[in-house]
Amino acid sequence: MKHQIARRRTFAIISHPDAGKTTLTEKLLLYGGVIQLAGAVKAKRGRASAVSDWMEMERERGISITTSVLQFPYRGLQMNLLDTPGHADFSEDTYRTLHAVDGAVMLLDSAKGVEAQTRKLFRVCRQRAIPIFTFVNKLDRPGRDAFDLIGEVENVLGIGVYPVTWPIFRSGVFRGVYHRLRQRVYLFEANRANSSSTSGAERPPVEVTGIDDPALREELDDVGYDRLRHDAELLEMAGDGFDRERFEAGQLSPMFFGSAVNNFGLEAFLETFSELMPPPRARASDAGPIEPSREEFSGFVFKIQANMDKAHRDRVAFVRICSGKMIRGMKVTHVRTGKEVRLASPTQFLARERSVVDESYAGDVVGIHDPGNFEIGDTLTGGSRFAFEGIPSFAPEHFRRLALVDPMRRKQFATGIEQLAQEGTVQLYRPPVGRAGDLVLGALGQLQFEVVKYRLEAEYGVDVRVEAVPWVLARWPSRVDGAPVDLEALQDAVEGMVVLDVRERPVVLFDRAWALQTAERVHPEYVFAETATGVVVRAA
């Protein structure tokens, strides 16, 4: 079991939209031997479309909206890649996914550097102190100076950077990378350096040589070779050596350069990634850290996805295994309810394709059939009653009301919206029992409302109108003295609307920041939190 756990590498790729994340994901599958031909996100006629995008809306628009789970072997390791949405209007899905990984690859566009979305996602990685690799992509196009990019990552994100590979150019054309730790040069064929080339669907031939090889000067010309020597000396003089401890604590990021579209620099990155990326780590719980090598099985639910297979109307809970071994058919304890659950057919994924697995180990991500029992953040164990740290709900930034076009479809509408809210596609707020009022939806990005409208129509046959509401802020209230929250007293106290979320926790919706500031000033007995974990106590 210890050997199997030591083989696991569970990571995510984070980036701003259009930095090339889905392309990079496809290429990693190509190098892992899972697919023979890598696809493009917006496939031209006759080219393969991306394996990792499974929702039809994603393929139509050429963006990733949901998190797909991809498992593939590479050099004796079992890679578990959680491909997160890169769209600007991404959902909480991405935040939750970062709770399930042991490391992340931060993808930067060589022309744009650190962008807004990257900063948000980086902040979540930083909070969890997970190791972060940086891959600078799109070197096949004109971009910024590599030293500039290092400075920007260090200044904007506040993390140290150690360039492991360094880009090599001939007359402005990206021709290869110099691997500083190995002191080797990886050269690519000149005829494949064209950015519009479709040859990136296959692995390119790579010539490996040393920096002192006379043939290298010929290949790069005098200007390119002299620049490489000058840059290499400058890097050695300017920076410290690579510090593995600082890297594993999330304080130092190894940086790589390449072009995912034509596979330049990927092999050098993947080889070093598999050497440096740590295996599963201990996880915090209310009973102290849980080591992956602990004999007893344990894991937590970080994602729920309904209707992955339309024919079966199924609902899958994605579980990150944190310790021990999961065996098909085993019985586990669902800690929140105290019930015993049988894992009849745990599955592993390659996007939409799934296969039943007989055994999985700490570090793996498996899908289990969910008849509606699971919530995001639930802990499963072999019998012990501890719980892993909760996955926070984040306050939405956009709010809408959904109006049903055909009142006869009310039942399907209720089922659909409840399932999508439990998945975390959107947050659903309803009036407390006995009070009239509309359902209000909250989301971190506008696109989520489109996704909900699209999925209600495609999966539940329900047509809805999306309408505006005045709310701009949501906060989870709790009492400073720890007493239960009285909903009636709270409604009288604040200038806002008191509602309940999908977990029955009280939420206050405000129509302007001033109303929230007033509530905080006038009622110091309440805390109005921007995130919620677990259950916020309220009076019955």
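Refer to the structure printed above.
Conventions adopted
Residues numbered from 1 in each chain as written. Predicted model: local features only at pLDDT ≥ 70, side-chain atom pairs only at ≥ 80, totals over all residues. Heavy atoms only, no water. Axes fitted to C-alpha atoms, helices over the stretch in contact; angles between N-to-C directions. Helix = DSSP H or I, 4+ residues; strand = E, 2+ residues; numbered from the N terminus. Parallel < 35°, antiparallel > 145°, perpendicular 65-115°, else oblique. Contact = heavy atoms within 4.5 Å. Salt bridge = Lys/Arg side-chain N within 4 Å of Asp/Glu carboxyl O. Buried < 20%, exposed > 50% of the residue type's maximum accessible area, 1.4 Å probe, protein only. Pairing = 2+ DSSP bridges.

### A closer look at the packing of helix α2 (residues 21-31) against helix α9 (residues 266-276)
Logical step 1: At a minimum axis separation of 11 Å, α2 and α9 run at an interaxial angle of 75 degrees. With respect to each other, α2 and α9 are oriented roughly perpendicular. Here Leu-24, Lys-27, Leu-28 and Tyr-31 of α2 come into contact with α9, specifically with Leu-266, Glu-267 and Leu-270.

### Focus on the pattern of salt bridges
Logical step 1: A full pass over the atoms with the stated rule returns 30 salt bridges.
Logical step 2: A salt bridge links Glu-375 to Arg-336; the nearest nitrogen and oxygen atoms lie 3.8 Å apart. Of this pair, Glu-375 sits in the loop between β20 (365-369) and β21 (379-381) while Arg-336 sits in the loop between β15 (331-334) and β16 (339-342), and the two are 39 residues apart along the sequence.
Logical step 3: The class for Glu-375 is partly exposed, based on a relative accessible area of 25%.
Logical step 4: One salt bridge connects Asp-511 with Arg-512, and the closest N-O pair in it is separated by 2.8 Å.
Logical step 5: Three or more residues are tied together by salt bridges with common partners; here these are Arg-336, Glu-375, Asp-378 and Arg-503.

### Brief notes about the environment of Phe-386
Logical step 1: Along the chain, Phe-386 turns up in the loop between β21 and β22 (393-394).
Logical step 2: With relative accessibility at 4%, the residue Phe-386 sits in the buried group.
Logical step 3: In the structure, Phe-386 is positioned 50 residues away from Arg-336 in sequence and 9.6 Å away in space, judged by C-alpha atoms.
Logical step 4: For Phe-386, the residues in contact, after removing those within four places along its chain, are Ser-285, Asp-286, Ala-287, Ile-290, Arg-294, Glu-296, Ser-298, Val-335, Thr-379 and Thr-381.

### Re the side chain of Arg-96
Logical step 1: Summarising the element assignment, Arg-96 is placed in helix α4 (residues 92-97).
Logical step 2: Contact partners of Arg-96, with chain neighbours within four places excluded, come to Phe-302, Ile-376, Ile-391, Glu-423 and Gly-424.

### Comments concerning the sheet that holds strand β28 (residues 497-500)
Pairing between sheet strands relies on hydrogen bonds along the backbone, with the strands arranged either parallel or antiparallel.
Logical step 1: Strand order in the open sheet made by the four strands is β28-β29-β27-β30, with antiparallel pairing throughout. Bordering the open sheet on either side are β28 and β30 (526-529), each of which pairs with just one other strand. Neighbour-to-neighbour, the strand axes of the sheet open up by a mean angle of 40 degrees, direction not taken into account.
Logical step 2: Direction of pairing for β28 relative to strand β29 (residues 506-510): antiparallel, over a ladder of four bridges. Of the residues in β29, the one forming a bridge with Val-499 is Val-507.

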